[in-house]
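# Fold and geometry: a report
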Amino acid sequence: AAAPAPAVTLDVAHVERLWPEVVASLRESHPPLVAFLEDARVLALDADGRMRIAVASPVALGMFSRPEHRSNLEAVLAAVLGARVRTEFEQGGHAPAEEPPDDGPLDIDTLRQEVIAIFDATEETPP
């Protein structure tokens with residue numbers, strides 16, 4: 001009998017190489033989630049399959065705190081990576097030096113502006 005193919009070692013570098021495929025697959029299966037992963041980066045992947053991902057905004061963090069969105073992403077990751085992972089999210093920019101100080105919860109106007117920017121939306125005033 002033929003020996004089984006060696007398993008691919010999952011590490012951050014491997015996931016980063018496959019990330020464009022993850023995003024493309026997610027764009028097909030769950031398009032609304034893609035906008036929240038545009039500035040995301042994989043921070044760590046441990047031996048137990050726990051993947052820590054930094055997202056750029058509190059809105060993105062809120063989206064992936066919802067089990068259905070997290071499980072949709074995990075299903076795509078499993079299909080692309082060939083292994084199940086459990087995702088954990090935290091807020092962070094591309095580099096630690098770029099992270100703004102934590103000023104506490106966002107007020108409604110700041111949150112509204114962030115949503116408008118993410119979705120390239122306009123706000124209409126009721127008549």
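Residues numbered from 1 in each chain as written. Predicted model: local features only at pLDDT ≥ 70, side-chain atom pairs only at ≥ 80, totals over all residues. Heavy atoms only, no water.

## Brief notes about the overall build of the chain
For clarity, the threshold we go by: Under the scheme used here, helices are H or I runs from DSSP no shorter than 4 residues and strands are E runs no shorter than 2 residues, and both carry numbers assigned from the N terminus. Each residue's exposure class comes from its accessible area (1.4 Å probe, protein chains only) as a fraction of the maximum for that residue type: buried when under 20%, exposed when over 50%, partly exposed otherwise. In what follows, residue pairs with any heavy atoms lying within 4.5 Å of each other are defined as contacts. Each accessible area is a Shrake-Rupley estimate made with a 1.4 Å probe; only the visible protein chains count as cover when residues are assessed.
The secondary structure content of the chain amounts to 5 helices and 3 strands. Tracing the chain from N to C terminus, the helices and strands come up as α-α-β-β-α-α-β-α. Evaluated residue by residue, the chain yields a buried proportion of 31% over its 127 residues. Partitioning the intrachain contacts of the chain with sequence separation of at least 6 by distance along the chain shows that 62% fall at a separation of at least 24. Per element, the accessible surface of the chain, about 8,300 Å² overall, is 54% carbon and sulfur.

## A few points about helix α4 (residues 67-81)
Heads up, the condition is: The span you would expect from a helix comes to 1.5 Å times its residue count less one.
In a regular helix each residue adds 1.5 Å, so 15 residues correspond to 21 Å; α4 covers 20 Å between its end C-alpha atoms and thus fits that length. Within α4, the full set of buried residues consists of His69, Leu73, Glu74, Val76, Leu77, Ala78, Val80 and Leu81. Remark: Gly82 follows α4 within two positions and exhibits a positive phi of approximately 80°.

## Brief notes about the side chain of His69
By secondary structure assignment, the location of His69 is in helix α4. By relative accessible area, which is 14% here, His69 ends up buried. Beyond its immediate chain neighbours, meaning those up to four positions away, His69 contacts Leu33, Met63 and Phe64.

## What about the pairing of strand β1 (residues 41-45)?
To keep things clear, this is the line we draw: Paired strands, in this sense, are two strands between which DSSP finds at least two bridges.
Two elements, β1 and strand β2 (residues 50-55), share 4 bridges in a ladder whose sense is antiparallel. Considered in β2, the bridge of Ala44 is made with Arg52.

## Points about the sheet that holds strand β3 (residues 86-91)
Our working definition: Every axis in this analysis is a line fitted to C-alpha atoms, fitted for helices over the stretch in contact. Angles between the N-to-C directions lie between 0 and 180 degrees.
Taken together, the 3 strands give an open sheet; going across it, the order is β1-β2-β3, and neighbouring strands pair in mixed fashion. Each end of this open sheet is capped by a strand with a single partner; those strands are β1 and β3. Taking each pair of neighbouring strands and ignoring which way they run, the sheet shows an average axis angle of 25°. Sheet topology note: the β2/β3 ladder contains 6 bridges and is parallel. Bridged to Arg50 within β3 is Arg86. Most of the contacts of α4 go to β3, to which it runs at about 120°, and overall it touches β2 and β3.

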